[in-house]
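Fold and contact review
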There are 2 protein chains.
Amino acid sequence: MSKRKLKVKYKIDPGLRGINVGTTEICPVGEEEIHLSYRGYLIEDLAMACTYEEVSHLLIHGELPNKYQLSEWSSQLSENRFFPKNLQRILDTLPKNTHPMSVLRTAISTLGTIEPEQGLEGKMQALRILGILPSIIGYWEKRRGSYDKEVPLGSSEDTIAGYLLHMINGEAPSTIDTQTMDTSLILYAEHEYAASTYAARVCASTLADYYSCITTAIGTLSGPLNGGANEAAIKLLLSFDNSDTAESKVRHMLRDKELVMGFGHAVYADHDPRSLIVKERARKLSNEKKEFSELFKIAEAVERVMREHNLFPNLDFYTATVYHILGINSHLFTPIFVVSRSSGWAAHVLEQRQNNKLIRPTAEYIGPKERVLPSLSERK
Amino acid sequence: MSKRKLKVKYKIDPGLRGINVGTTEICPVGEEEIHLSYRGYLIEDLAMACTYEEVSHLLIHGELPNKYQLSEWSSQLSENRFFPKNLQRILDTLPKNTHPMSVLRTAISTLGTIEPEQGLEGKMQALRILGILPSIIGYWEKRRGSYDKEVPLGSSEDTIAGYLLHMINGEAPSTIDTQTMDTSLILYAEHEYAASTYAARVCASTLADYYSCITTAIGTLSGPLNGGANEAAIKLLLSFDNSDTAESKVRHMLRDKELVMGFGHAVYADHDPRSLIVKERARKLSNEKKEFSELFKIAEAVERVMREHNLFPNLDFYTATVYHILGINSHLFTPIFVVSRSSGWAAHVLEQRQNNKLIRPTAEYIGPKERVLPSLSERK
C-alpha cells in the first residue's frame, strides 16, 4: 500500500445542504424536472389510489403488492400488532410523564433485546416494527391517562390508519377519519435523506442491527428541527381567534422577524408537492365537521400572508390542521410521523446494506495548535 | 425568497472518505503535519502523564482540570455511579443472552426517560452517563452469570478504570491492571468524525435531547465495522498456537485475500499513532504475567508479516491483546469502548449544539422514471 493523501481539501457546507452524499432508488426530492415519487409512482397517484399498506409494501419490498400479496401483507401487519408482556412491563416502569418519543425510542431498543435480528435480513424487523408501533403508542396513551376505556390492543380495525386512531383515542374511528389518516401516513412515509433517515443510514453503514438503526432514526426525529414542525404549527394556529386576527398577527410576526413554523423547506425551492394534497383533505374534513371550519379559514389566511412573502406551506402546516380536527393531541404528531416514516427508514436501511460502505467523513481541524502539557500543579 | 437551485451537481464518495463535512476544535485526525491530539495536547503526552479523569474533563469541559477541579470532577464521577432501582428492574426484565451493546443502548435510552435532560445543557448528562456506564456494564455481567460474588456497585475504586475492572470481574483490580485500562480509556476517548460520532452529530443537529444522541452513538458503534475490530482481532490471535504458526498462517490468509482484522484505518495513511502506545502497554503487561508472553509474541509475529505488506496495526490490534491479558471477555471490548468514547461523543454533541445547522444532505436519484400506477387487479 502506497502512502495515500486522504483528505480532500475542499470545504463543504456542514449542513450538507444540496449535496448528494449517495445514490438512492427510493425517492427523488428536489431534483429539477423530477416530481416527488416513491419508486417511480407519483405521490399524488399514491395518495389518491392506494392505502398505506400498499405504499409500505412498495417501500419495503420494492414493488406494489398484487391482490394476493396485499392480503398476505395486511394480515402479517395485523399479526405483528402483538405486544409482548415483558415489553408492557418495561413500559409500565417508565415515568408517566415521559415524552412519547422517548418511550418509542426505548421501546424499539428494548424490542431489539426481546426479538433480536438474526443475521442482517431486516425485512422481518421492518414488518414487526410497523405492526407494533401503533400498539406501543396506544398503550402509552392509555397509561398516561388519555382515556378511560380499555386499551384496544390488536383491535379489529383492519388498516394501520384505523388501528392507530383506535389505539390513540380508545374509540373506533369513522371511515373519513381513517381515510384521512391513511393519506397522511402515505405523505409522510418517505422523503429521501432527511436527517433521521441519513442518521439511520450512517448507523446501518457500520452493519449495526436493524433495531439500532431505527432507534437512531427515532432519536433523531425527536429533535424539533426534524420532526417537531407540525406540533409548532398547530400551537400557532390555535392561538388565533379568527382568520382576520390571524392575518394581522402573522404580518406582525413577519415584521418582527419571528419564525412562522410549517413554511419553507430545506430541499424544496418553491413549493412542497405534498402540501396541496393534505390541504384538500383538511378542507374536506372541515366541511364535514363544521366546528372546525374557522380553523381551516385561519390556516388559509396564514398561508395567504406567507405567500405574499414567497413562503410556501410545507407538509407539516396543513397536516397540523388535519390532526387537530381528527382529535389528536399535538404530543402525538411526531410519534405518528414515526409510524409513517418507519417504512421509508426500512427502505433506506435495506438499500444501505445492499451496497454498503462505512460512512466515515472527516472534519477540518480548527482547534488549538500543539500545546505543552502542564503538570497538575502548574495548571491555573 | 427567489428560486434557489438547491442541488449541487457533483458526486462525492458515499463513504464521505476524506471529505471535510464540518469543522472541529476537538481532535485532528489524519491531517498532514498535525499530530493526533485532544484539544492540542499530544496523545502520547496525555497517555503518559494524565488519567482518564483528566482527559474526560479536557474533552467535556474544554480544558485540563487544575488540582481543585480534578478532585471535584472525580467525586462527581463517583457520585454518578448511582444506579436507579427502576433501571435495575428494567435490566432484570431483558433476556439474559442479550448482547451487552443492546443492553447499553436500551439502558441509556431508558435513563433518558427517568432523568430527562432539561433544556439542552448536556454537560450534566455527559457526566451522568460517564459515571453510570461501568455500573450498567458490571450489573449486566453479574446478571448474565459471569461471576458469583456480589456486584460491587459503587465500589471504593476511585478511578473509572479501576471501577470498571472491579465491576467487570467482581474483584478489585491490581495497580498495573488499572493503569493499563486507564491508558486504554484515554486512547479510545476521541477520534474526530468516526461513524458513531458523526451519527451522534446528525442526531444533535435536529436539537434532539442528549440521550437520543448517545443512544444513536451506541447503536452505531455496535456495528462490527465501527466497534467490532478488537473483538475480531483477539479471536484471530487466540486461534494460533505459537508465533511460528501465526506467521505462516497469516501469510496464507494474505495469499487467500482473507481479511486480517486490526490493521489499516479509514483515515490514517501509514500508521496509527495510538498503536505504539498500547503495544508498549501490552509488552509490559506480558512481561509481568508470563503466561501471556507467547500471546504477545504471536501478536508481534502477525504485525511483522502485515508490515511486509505495508499494513500497519491500528489501535484495536494490541488493545485486543491487552484486554485479553486483563481477563476481559471479548464481548465486553465494545462496551468498554463506549465508556471511553462517551467523553468524545459529549464533546462533539456540545460542539454541534454550539454552532448548529441541521444536517440534511440529499441523494442522487437513480431509481425508476415516472411510472403509471396500475390498479390492484392489473398488478402481476
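Residues numbered from 1 in each chain as written. Chains lettered and ligands numbered in written order. Predicted model: local features only at pLDDT ≥ 70, side-chain atom pairs only at ≥ 80, totals over all residues. Heavy atoms only, no water.

**A closer look at the overall build of chain A**
Note the threshold: The helix and strand labels rest on DSSP assignments: H or I over at least four residues marks a helix, E over at least two residues marks a strand, and numbering proceeds from the N terminus. Radius of gyration here uses only the C-alpha atoms, and the compact-globule reference equals 2.2 Å multiplied by the residue count raised to the power 0.38. Burial status follows relative accessibility: with a 1.4 Å probe on protein chains alone, a residue under 20% of its type maximum counts as buried, one over 50% as exposed, and anything between as partly exposed. Here, residues are in contact when the closest pair of their heavy atoms is within 4.5 Å. Residue-level accessible areas treat just the shown protein chains as cover; the underlying method is Shrake-Rupley with a 1.4 Å probe. Charge convention: Lys and Arg are scored as positive, Asp and Glu as negative, and His as well as the terminal groups of each chain are ignored. Working definition for charges: the position is that of NZ of Lys, CZ of Arg, CG of Asp or CD of Glu.
When its secondary structure is counted, chain A shows 17 helices and four strands. Taken against the 2.2 N^0.38 rule, which gives 21 Å for 380 residues, the C-alpha radius of gyration of chain A at 22 Å falls within 12% of a compact globule. Each of the three principal axes of chain A carries a C-alpha extent, and together these read 70 × 55 × 55 Å. For chain A, the residues scored as buried account for 63% of the 380 residues in total. Partitioning the intrachain contacts of chain A with sequence separation of at least 6 by distance along the chain shows that 73% fall at a separation of at least 24. Carbon and sulfur atoms form 50% of the exposed surface of chain A, whose accessible area is close to 14600 Å². Where the 44 positive side-chain charges of chain A centre and where its 47 negative ones centre are 9 Å apart.

**A word on the side chain of S196(A)**
Residue and element names in this part refer to chain A. Stated formally: A 3.5 Å cut-off defines polar contacts: any pair of N or O atoms within that distance qualifies, except that in protein one atom must be a possible hydrogen donor and the other a possible acceptor, and neighbouring residues in sequence count only when both atoms are side-chain atoms.
Relative to the assigned elements, S196 resides in helix α9 (residues 195–204). Polar contacts involving the side chain of S196 include one to the side chain of W345, which spans 3.1 Å. Contacts of S196, omitting those with residues within four sequence positions, involve A217, T220, L221, N226 and W345.

**Examining the nonpolar core**
Put simply, the test is: The criterion is simple. A nonpolar core is a set of buried Ala, Val, Leu, Ile, Met, Phe, Trp, Tyr and Cys residues joined through side-chain atoms within 4.5 Å.
L46(A), M181(A), V302(A), M181(B) and V302(B) are the most contacted members of the largest nonpolar core, which totals 227 residues. Ignoring anything within four residues of it in the chain, the contact list for V302(A) reads L237(A), F240(A), A246(A), V250(A), V260(A), F263(A) and F317(A). Core analysis: the second largest hydrophobic core is formed by 24 residues, I12(A), A195(A), L358(A) and Y198(B) among them.

**Some thoughts on the packing of aromatic side chains**
What counts, and what does not: Each pair of aromatic rings taken from Phe, Tyr and Trp, with Trp reduced to its six-membered ring, is defined by centres within 6.5 Å and is described as stacked if the planes are under 30 degrees apart, edge-to-face if over 60, and tilted in the remaining cases. We call a charge positioned over a ring when the NZ of a Lys or the CZ of an Arg lies within 6 Å of the ring centre and within 35 degrees of the ring normal.
All chains considered together, the criterion is met by 14 aromatic pairs over all chains. A centroid spacing of 5.6 Å and a plane angle of 25° characterise the contact between Y193(A) and Y198(A), whose relative ring orientation is stacked. In this structure Y198(A) comes out as buried when scored by relative accessible area, which is 1%. Relative to Y139(B), the ring of F83(B) lies with its centre 5.0 Å away and its plane at 75°, an arrangement referred to as edge-to-face. Here the residue F83(B) occupies a position in the loop between α3 (67–79) and α4 (85–93), and Y139(B) occupies one in helix α6 (residues 123–143), the gap between them amounting to 56 residues. Owing to a relative accessible area of 5%, F83(B) belongs among the buried residues under this scheme. In this structure, R81(A) is placed above the aromatic ring of Y163(A), and the distance from its NZ or CZ to the ring centre is 4.0 Å.

**Considerations on the interface of chain A and chain B**
To keep things clear, this is the line we draw: Once two parts are brought into contact, the accessible area they lose, counted with a 1.4 Å probe and summed over both, makes up the buried area. A side-chain nitrogen of Lys or Arg and a carboxyl oxygen of Asp or Glu constitute a salt bridge if their distance falls within 4 Å. Three categories are distinguished: nonpolar for Ala, Val, Leu, Ile, Met, Phe, Trp, Tyr, Cys and Pro, charged for Asp, Glu, Lys and Arg, and polar for the others, with Gly belonging to the last.
Of the residues lining the interface, 121 residues belong to chain A; the matching set on chain B comes to 121 residues. Each partner contributes to the roughly 10700 Å² buried at the junction of chain A and chain B, and carbon and sulfur atoms together form 57% of this total. If you sort the residues of chain A by the area they bury against chain B, R360(A), Y365(A) and R371(A) come out on top, with a joint share of 8%. Connecting chain A to chain B are ten salt bridges. Here E192(A) and R360(B) are joined by a salt bridge, their closest N and O atoms 2.7 Å apart. The interface formed by chain A and chain B includes 50 residue pairs in polar contact (both at pLDDT 80 or more). Tallying contributions element by element places helix α5 (residues 100–114) of chain A first for the side of chain A that touches chain B, with eight residues. Of the residues belonging to the side of chain A that touches chain B, the class tally is 55 nonpolar, 38 polar and 28 charged.

**Brief notes about the relation of the copies chain A and chain B**
Mapping between the two chain copies consists of a rotation about an axis together with a translation along that axis. To keep it simple, the criterion reads: In this comparison the copies share one frame, found by least squares on the C-alpha atoms of residues holding pLDDT of at least 70 in both.
Least-squares fitting of chain A to chain B yields an RMSD of 0.0 Å, with the transformation described by 0.0 Å of translation along the axis and a rotation of 180°. Here the symmetry operator amounts to a two-fold rotation axis. Identified as the residue of chain A closest to the rotation axis by C-alpha distance is T216(A), at 2.2 Å. Interface overlap between copies: 100% of the residues of chain A at the interface are likewise at the interface in chain B, consistent with a symmetric, same-surface contact.

**Overview of the domain arrangement of chain A**
All names here are of chain A. Spelled out, the test is: Per the annotation, domain bounds derive from an automatic or database assignment of domains.
Here chain A is partitioned into domain 1 (41–222 + 336–354) and domain 2 (229–325). Together domain 1 and domain 2 conceal approximately 1400 Å² of surface at their shared face, both sides included; 62% is due to carbon and sulfur atoms. Area buried by domain 1 at its contact with domain 2 is led by L187, Y188 and H191, which between them contribute 38% of it. The tally of links between domain 1 and domain 2 comes to one salt bridge. Our count for the domain 1 to domain 2 interface comes out at seven residue pairs in polar contact (both at pLDDT 80 or more). Looking at the side of domain 1 that touches domain 2, the elements that each hand over two or more residues are α1 (43–49), α8 (175–188) and α17 (333–354). In terms of residue count, the dominant contributor to the side of domain 1 that touches domain 2 is α8 (eight residues).

**What to know about helix α10 (residues 210–221) of chain B**
Residues and elements named next belong to chain B. Counted only if it meets this: Each residue after the first adds 1.5 Å to the expected span of a helix.
With twelve residues, α10 extends 17 Å from end C-alpha to end C-alpha; this agrees with the ideal 16 Å at 1.5 Å per step. For α10, the buried fraction is high: twelve of the twelve residues fall into the buried class. Looking at α10, one finds that the buried residues are Y210, Y211, S212, C213, I214, T215, T216, A217, I218, G219, T220 and L221.

**Re empty space enclosed by the protein**
Residues and elements named next belong to chain B. Heads up, the rule is: With a 1 Å grid laid over protein atoms only, a set of points is called a cavity when a 1.4 Å probe fits there but cannot get out and a pocket when it is open yet has protein on both sides within 12 Å along at least five of seven lines; lining residues have an atom within 4 Å of a point. Grid points are joined across faces, edges and corners, and a volume is the space filled by probe spheres set on the points.
Applying the stated criterion to the full structure yields two cavities of 30 Å³ or more. Estimated volume of the largest cavity: approximately 40 Å³. Lining the largest cavity we find P100, V103, L104, I136, I137, W140, E141, L332 and P335. Only α5 (100–114) and α6 provide two or more residues apiece to the lining of the largest cavity.

**Here we look at helix α13 (residues 273–288) of chain B**
Burial in α13(B) covers these residues: P273(B), R274(B), S275(B), I277(B), V278(B), K279(B), A282(B), L285(B) and S286(B). The inward-facing, buried residues of α13(B) abut α1 (43–49), α8 (175–188), α14 (293–308), α15 (315–325) and α16 (333–354) of chain B.

**Observations regarding the pattern of salt bridges**
Counted according to the given criterion, the structure contains 40 salt bridges over all chains. Here the salt bridges do not stand alone but share partners, grouping K279(A), E280(A), R283(A), E300(A), E303(A) and R307(A) into one network.

**What about the packing of helix α2 (residues 52–61) of chain A against α8(A)?**
Residue and element names in this part refer to chain A. For the record, the criterion: Axis geometry follows a simple rule: fit a line to the C-alpha atoms, using only the stretch in contact for helices, then measure angles between N-to-C directions, giving values from 0 to 180 degrees. Any angle between 65 and 115 degrees counts as roughly perpendicular, while under 35 counts as roughly parallel, over 145 as roughly antiparallel, and the rest as oblique. For a crossing to be left-handed, the near helix must be turned anticlockwise from the far one by less than a right angle; the clockwise case is right-handed.
Here α2 crosses α8 at 15°, and the two axes come no closer than 9 Å. With respect to each other, α2 and α8 are oriented roughly parallel. Every pair of crossing elements has a handedness; the one defined by α2 and α8 is left-handed. Contacts between α2 and α8 involve Y52, E53 and V55 from the first element and D182, L185 and I186 from the second. For the contact of α2 with α8, the per-class residue count stands at four nonpolar, no polar and two charged.

**Observations concerning unusual backbone geometry**
Residues and elements named next belong to chain A. Positive phi outside glycine occurs at N310, with the angle close to 60°. Within the secondary structure layout, N310 lies in the loop between α15 (293–308) and α16 (315–325). A relative accessible area of 48% means that N310 is categorised as partly exposed.

**So, the packing of helix α4 (residues 85–93) of chain A against helix α6 (residues 123–143) of chain A**
Residue and element names in this part refer to chain A. Remark: α4 packs on α6, axes separated minimally by 11 Å, with the N-to-C direction vectors making an angle of 40°. It follows that α4 is oblique to α6 by the angle criterion. Considering how the two elements wind past one another, α4 and α6 form a crossing that is right-handed. Residues L87, Q88, L91, D92 and T93 of α4 pack against I132, I136, Y139, W140 and R143 of α6.

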